[in-house]
Amino acid sequence: MAPHTTLWSPPSTFPYCLQSCPPLPSPTSNLFRQHARTLWYDRPKYVFMEFCVEDSTDVSVLIEDHRIVFSCRNGDGVELYNEIEFYAKVNSKDSQDKRSGRSITCFVRKWKEKVPWPRLTKKDIKPVWLSVDFDNWRDWEGDDEMELAQVEHYAELLNKVSTKRPPPAMDDLDDDSDN
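Scope of this entry: the structure provided in the associated data block. Predicted model, so just to flag it, every value in this text is computed and none were measured.

### Some words on the side chain of Glu79
Move 1: Looking at the secondary structure, you find Glu79 in strand 5 (residues 79-85).
Move 2: At a separation of 3.5 Å, a polar atom in the side chain of Glu79 contacts the side chain of Arg33.

This is the structure in structure tokens:
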């Protein structure tokens, strides 16, 4: 019995199918938009957000009293877009952003200072692209004494470093140490 050697042949409607299918969306359309990985942490006066995008271009940051809208393109040309409705009202006039080669950091001034935010978003839903920046997070409630002690400690260290003292005497070095 001879092996079956018939190759697959497309149905007669195959060319028609290719012609009737809608074209793929362009990479610049909203369907290819992605969210930028975002880190955040809370302080008594500000909420800090870092949109982690390397080699960003076309950066746009709009900070309003109840939300932030961020968009840019990454180094590969992919459009990134984040819209976050804040947990509480912010002072948009006293908020700002700073761009570096690796990220865009936003300093968002809280409307009510010294009120901790348990989350960044208004809704109690955590998007997969949003994370707490645990490297910068700290529980700042009631630690005014600790912060003051740290400031005093750093001031003392700075004072010690800036105080000029005479150079150490080097009389005890031997001249014949080269032998």
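### A short note on the sheet that holds strand 3 (residues 57-63)
Backbone-to-backbone hydrogen bonds join strands into a sheet, with any given pair of strands oriented parallel or antiparallel.
Move 1: Sheet architecture is open: three strands sit in the order 3-4-5, paired in antiparallel fashion. Since the sheet does not close on itself, it has two edges, and those belong to strand 3 and strand 5, each with one partner. Geometrically, the sheet is characterised by an average inter-axis angle of 5° between neighbouring strands, direction not taken into account.
Move 2: Pairing analysis gives five bridges linking strand 3 to strand 4 (residues 67-73), with the strands arranged antiparallel. Among the inter-strand pairings, Val61 is bridged to a residue of strand 4, identified as Phe70.

### Some thoughts on the sheet that holds strand 6 (residues 90-99)
Move 1: The sheet built from five strands is open, its strands ordered 6-7-2-1-8 with mixed pairing. One side of each edge strand has no neighbouring strand; the edge strands of this open sheet are strand 6 and strand 8 (130-132). For this sheet, the mean angle separating the axes of adjacent strands, direction not counted, is 20°.
Move 2: Judged from the six bridges that link them, strand 6 and strand 7 (residues 104-110) form a sheet pairing that is antiparallel. Residue Arg99 lies in a different strand from strand 7, and its bridge partner there is Ile104.

### Considerations on unusual backbone geometry
Move 1: Positive phi, close to 50°, is recorded for Asp55, a residue that is not glycine.
Move 2: Along the polypeptide, Asp55 turns up in the loop between strand 2 (46-52) and strand 3.
Move 3: Judged by relative accessible area, Asp55 falls into the exposed class, the value being 53%.
Move 4: Look at Lys114: it is not a glycine, yet its phi comes out positive at around 60°.

### Quick look at the environment of Val115
Move 1: By the element assignment, Val115 lies in the loop between strand 7 and strand 8.
Move 2: The sequence separation of Val115 and Pro44 amounts to 71 residues, and the corresponding C-alpha distance is 6.6 Å.

### Digging into the packing of aromatic side chains
Move 1: Applying the stated criterion across every chain yields a total of seven aromatic pairs.
Move 2: With centroids separated by 4.8 Å and ring planes inclined at 10°, the aromatic side chains of Tyr41 and Phe48 adopt a geometry described as stacked.
Move 3: Residue class for Tyr41 comes out buried when judged on its relative accessible area of 15%.
Move 4: Residue class for Phe48 comes out buried when judged on its relative accessible area of 14%.
Move 5: Among the aromatic residues, those joined into a cluster by ring pairs are Tyr41, Tyr46, Phe48 and Phe107.
Move 6: The ring of Tyr81 carries Arg33 above its face, with NZ or CZ at 4.3 Å from the centroid.
Move 7: One Lys or Arg, Lys89, reaches over the ring of Trp111 and ends 4.1 Å from the middle of that ring.

About the criteria used
- Residues numbered from 1 in each chain as written.
- Predicted model: local features only at pLDDT ≥ 70, side-chain atom pairs only at ≥ 80, totals over all residues.
- Heavy atoms only, no water.
- Helix = DSSP H or I, 4+ residues; strand = E, 2+ residues; numbered from the N terminus.
- Polar contact = N/O pair within 3.5 Å; in protein donor to acceptor, adjacent residues only side chain to side chain.
- Pairing = 2+ DSSP bridges.
- Axes fitted to C-alpha atoms, helices over the stretch in contact; angles between N-to-C directions.
- Buried < 20%, exposed > 50% of the residue type's maximum accessible area, 1.4 Å probe, protein only.
- Phe/Tyr/Trp six-rings, centres within 6.5 Å; stacked < 30°, edge-to-face > 60°.
- Lys NZ or Arg CZ within 6 Å of the ring centre and 35° of its normal.

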